[in-house]
Amino acid sequence: MTAGPLLQVRDLAITYRGGRGIIPGRRRSFEAVKGVSFDIAAGQGFALVGESGSGKTTIGRAILRLLMPSRGSIVFDGQDIMAFGRRTPLSYRRDVQVVFQDPRSSLNPRRTVRDTLTQVLKRHFGMAGAEATRQATELLAQVGLPSYHLNRYPGELSGGQQQRVAIARALAPKPRLLVCDEPVSALDVSTQSQILNLLADLRRDLNLACLFISHDLAVVRQVADVVAVMNRGTIVESGPTETLYTRPQADYTKILLASVPSLAPRRRAKDEIPGVQP
């Protein structure tokens, strides 16, 4: 284990290759990420925020080795993950886990919660039988679900319960970095708050580093120590969460903050209120 950051991203560029254009022999391409760099420390909550198409999810996919960068490096615990070759070591799969946006599509509808969790435990730790069931029960308790959910199928659970199961599955290999790709955007507002509180508690209790990917600045404020704002494939501003929220520097960040809805009613000036003298 290194003394530096747990994850280092340096000059990362990712290009999508498209179909053939109108000129024979040439293929169209799109550079989705353009020279992005950032660090994530052990136990830190780091957020990538931006509108759709900003490149934030593409970066997450590269960290998960679901696509290969065209330039730059991704170093996890001192090891360049691009040097792994075509096959990703099981140890990296164990250390870096993901929580997807929609738990309905990320959970197998034909498997019970027990099967979903014990399969991961068997693959990474060789657990089976009563030992695996006991560990699966503890994982459910960690995410706030009682043990009787072990025998349920995803279709019998609410959206929030499904996402808790997805989080439990991600925690099963005891990861050091959790990539959360829009983890609450498919949930209703009240459930979003519960899941965000859960992720914040888990990060603190397990000293778990988290990369939060979101289009919503209001969401990541609750869970991130550092926020990086992305626009058109680049980071336009980054810094401690409260500093970025209270003293944004980039115009794009100010626009995103202005679009965050507020629960507080807007008050009009005195001269706009009937019967009130200025």
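Worth saying up front: this structure is predicted, and the values here are computed from it rather than measured. (Residues numbered from 1 in each chain as written. Predicted model: local features only at pLDDT ≥ 70, side-chain atom pairs only at ≥ 80, totals over all residues. Heavy atoms only, no water.)

Describing the sheet that holds strand β10 (residues 234–240)
Taking strand neighbours across the sheet as the criterion, the 6 strands line up as β6-β7-β8-β3-β9-β10 in an open arrangement whose pairing is mixed. Of all the strands in the sheet, the pair left with one neighbour each is β6 (96–99) and β10. Taking the axes of each pair of neighbouring strands and ignoring which way they run, one obtains an average angle of 15 degrees across the sheet. Here strand β3 (residues 45–49) pairs with strand β9 (residues 226–231) via 4 bridges, running parallel. Along β9, the bridge assignment pairs Ala-47 with Val-227. With respect to the sheet, helix α1 (residues 56–63) is in contact with β3, β6, β7 (177–181), β8 (209–214) and β9, its orientation differing from that of β8 by roughly 145 degrees. (Pairing = 2+ DSSP bridges. Helix = DSSP H or I, 4+ residues; strand = E, 2+ residues; numbered from the N terminus. Axes fitted to C-alpha atoms, helices over the stretch in contact; angles between N-to-C directions. Contact = heavy atoms within 4.5 Å.)

Overview of the pattern of salt bridges
Under the defined criterion, the tally for this structure stands at 10 salt bridges. Residue Arg-176 pairs with Asp-77 through a salt bridge whose shortest N-O separation is 3.1 Å. You can see Arg-176 sitting in the loop between α6 (159–171) and β7 and its partner Asp-77 sitting in the loop between β4 (71–76) and β5 (79–80), a full 99 residues away along the chain. Two residues, Arg-104 and Asp-102, come together in a salt bridge whose shortest N-O distance is 3.9 Å. You can call Asp-102 partly exposed: its relative accessible area is 27%. Within the structure, one salt-bridge network assembled from shared partners comprises Asp-11, Glu-31 and Arg-71. (Salt bridge = Lys/Arg side-chain N within 4 Å of Asp/Glu carboxyl O. Buried < 20%, exposed > 50% of the residue type's maximum accessible area, 1.4 Å probe, protein only.)

Remarks on α1
α1 sits mainly inside the fold: 6 of its 8 residues count as buried. For α1, the set of buried residues is Lys-56, Thr-58, Ile-59, Gly-60, Ala-62 and Ile-63. Among the residues trailing α1, Arg-65 stands out with phi positive, at a value near 60 degrees.

Observations concerning the packing of α6 against helix α7 (residues 189–206)
At a closest axis distance of 10 Å, the pairing of α6 and α7 adopts a crossing angle of 20 degrees. Compared by their axis directions, α6 and α7 come out roughly parallel. Note that α6 runs across α7; the crossing there is right-handed. Contacts from Gly-160, Gln-163, Arg-164, Ile-167 and Leu-171 in α6 reach Thr-191, Gln-194, Ile-195, Leu-198, Leu-199, Leu-202 and Leu-206 in α7. Among the residues making up the contact of α6 with α7, the classes are represented as 7 nonpolar, 4 polar and 1 charged. (Parallel < 35°, antiparallel > 145°, perpendicular 65-115°, else oblique. Left-handed = near helix turned anticlockwise from the far one by under 90°. Nonpolar A, V, L, I, M, F, W, Y, C, P; charged D, E, K, R; others polar.)

Digging into the nonpolar core
One finds Ile-167, Leu-178, Phe-212, Leu-217, Val-220 and Val-227 to be the most contacted residues of the largest nonpolar core, which totals 49 residues. Ignoring any residue separated from it by four or fewer positions in sequence, one finds Val-227 in contact with Ala-47, Val-49, Leu-217, Val-220, Glu-237, Ser-238, Gly-239, Thr-241 and Leu-244. One finds Ala-62, Ile-74, Ile-81 and Phe-84 within the second-largest nonpolar core, a separate group that totals 32 residues. (Core = buried A, V, L, I, M, F, W, Y, C linked by side-chain atoms within 4.5 Å.)

Here we look at the confidence of the model for the protein chain
Scored by pLDDT, the protein chain has a mean of 89; 89% of the residues are at 70 or more. Scored below 50 in pLDDT, residues 263–278 makes 5 contacts in the model with residues more than four places away or belonging to other chains. (pLDDT = per-residue confidence, 0-100.)

Some words on unusual backbone geometry
At Arg-65, a position not held by glycine, the phi torsion is positive, near 60 degrees. Along the chain, Arg-65 falls in the loop between α1 and β4. The class for Arg-65 is buried, based on a relative accessible area of 11%. The phi angle at Glu-182 is positive, at roughly 50 degrees, despite the residue not being glycine.

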